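# Descriptive analysis of the structure
In case you want the letters, here they are:
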Amino acid sequence: MLEVKFYRQAEDSLLKFAVILAMAEEKMVLVKHRKRNTYELPGGHREAGESIEQTAARELKEETGAKIFTLKPVSVYSVTGKNRVNDTGEETFGMLYYAEITSFGEIESEIERREFFNRLPEALTYPEIQPKLVEKVMREKEAHGS
């Protein structure tokens, strides 16, 4: 069982992942990895020397082909428990972002394709994590009227 928590802030060095709820024309933009039959929010691991915001922008461009977009931080999140990207089960931290994409180019990554959804599909790569991240972004958007 995985546990997802949200925090106002965290030490920058703890932030290992950036995940983005991306929207285009009021639809969620999810991606399908070449090696999986499931969908996921764009995002990934922070590379050496990157700020977490640079990670989010890079992953969004690579995985969705986004060319013109806005990117806003939403919340620090953590996941505790063993999963595909965490074999120890220890608490790992990331930054959750919201993006609005207005222009797309080519996808330049391990992603097979991007698709547009009105709601999350059943076939999710991280079904115990992704719905909670989407819910957090939607709550924050409602609370701040954006």
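Preceding block: the structure.
Residues numbered from 1 in each chain as written. Predicted model: local features only at pLDDT ≥ 70, side-chain atom pairs only at ≥ 80, totals over all residues. Heavy atoms only, no water.

### A word on the environment of Ala57
Applied cut-off: By definition, any uninterrupted DSSP run of H or I lasting at least four residues is a helix, any uninterrupted run of E lasting at least two residues is a strand, and each is numbered from the N terminus. Only protein chains enter the accessibility calculation, which uses a 1.4 Å probe; a residue whose area is less than 20% of its type maximum is buried, one above 50% is exposed, and one in between is partly exposed. Pairs of residues are marked as contacts when any of their non-hydrogen atoms sit within 4.5 Å.
If you trace the backbone, Ala57 turns up in helix H1 (residues 52-64). Note on Ala57: relative accessible area 18%, which makes it buried. When the C-alpha atoms of Ala57 and Arg8 are compared, they prove to be 21 Å apart, with 49 residues separating the residues in sequence. For Ala57, the residues in contact, after removing those within four places along its chain, are Phe69 and Leu71.

### With respect to the nonpolar core
To keep it simple, the criterion reads: Only buried Ala, Val, Leu, Ile, Met, Phe, Trp, Tyr and Cys residues count toward a nonpolar core, and they belong to the same one when joined by side-chain atoms within 4.5 Å.
If you look at the biggest cluster of nonpolar residues, it comprises 22 residues, and the most contacted ones within it are Leu21, Met28, Leu30, Leu41, Tyr77, Ile129 and Leu133. Of all the secondary structure elements, the ones that give two or more residues to this core are strand S2 (15-24), strand S3 (27-33), strand S6 (66-80), strand S7 (92-104) and helix H2 (130-144). Counting residues per element, this core draws most heavily on S2, at four residues. Beyond its immediate stretch of four places on either side in the chain, Tyr77 contacts Lys5, Phe6, Phe17, Val19, Thr92, Phe93, Gly94, Met95, Leu96 and Leu133.

### Structural notes on the packing of aromatic side chains
Stated formally: Only rings of Phe, Tyr and Trp enter the pairing, Trp through its six-membered ring, and a pair is recorded when the two centres are within 6.5 Å. The plane angle decides the type: under 30 degrees is stacked, over 60 is edge-to-face, the rest tilted.
For the coordinates displayed, the defined rule picks out three aromatic pairs. Each ring, one from Tyr7 and one from Phe93, has its centre 5.7 Å from the other, and the planes form 45 degrees; the classification is tilted. Residue Tyr7 is located in strand S1 (residues 3-7), and its partner Phe93 is located in strand S7; the two are separated by 86 residues in the primary sequence. Consider the rings of Tyr39 and Phe117, whose centres lie 5.2 Å apart with planes at 70 degrees: the pair is edge-to-face. Here Phe117 lies in strand S8 (residues 111-117) and Tyr39 lies in strand S4 (residues 39-40), a separation of 78 residues in the sequence.

### Points about the pairing of S7
We count it as follows: Strand pairing follows a simple DSSP-based rule, namely that at least 2 bridges must link the two strands.
Sheet analysis places S2 next to S7, joined by eight bridges and oriented parallel. Paired with Phe17 across the two strands is Gly94, which belongs to S7. Of the strand pairs in this sheet, S6 and S7 are connected by 12 bridges, and their pairing is antiparallel. Bridge assignment links Phe69 to a residue of S7, and that residue is Ile101.

### Description of the environment of Val85
You can see Val85 is positioned in the loop between S6 and S7. On the basis of relative accessible area, Val85 is assigned to the partly exposed category, the value being 35%. In this structure, the C-alpha to C-alpha distance between Val85 and Gly44, residues 41 residues apart in sequence, is 9.9 Å. With near-sequence residues (within four places) excluded, Val85 lies in contact with Phe17, His45 and Tyr126.

### Comments concerning the layout of surface pockets
We apply this condition: Only protein atoms enter the calculation, which uses a 1 Å grid: trapped sets of points that fit a 1.4 Å probe without letting it out are cavities, open sets showing protein on both sides within 12 Å along at least five of seven lines are pockets, and any residue with an atom within 4 Å of a point is a lining residue. Grid points are joined across faces, edges and corners, and a volume is the space filled by probe spheres set on the points. When residue character is reported, Ala, Val, Leu, Ile, Met, Phe, Trp, Tyr, Cys and Pro are called nonpolar, Asp, Glu, Lys and Arg charged, and the others, Gly included, polar.
Estimates place the volume of the largest pocket at around 430 Å³. Lining of the largest pocket is provided by 26 residues; of these, Phe17, Val19, Gly44, Val85 and Tyr126 occupy positions nearest its centre. Counting only elements with at least two residues in the lining of the largest pocket, the list comes to S2, strand S5 (43-45), H1, S6, S7 and H2. Here the residues of the lining of the largest pocket sort into 12 nonpolar, eight polar and six charged.

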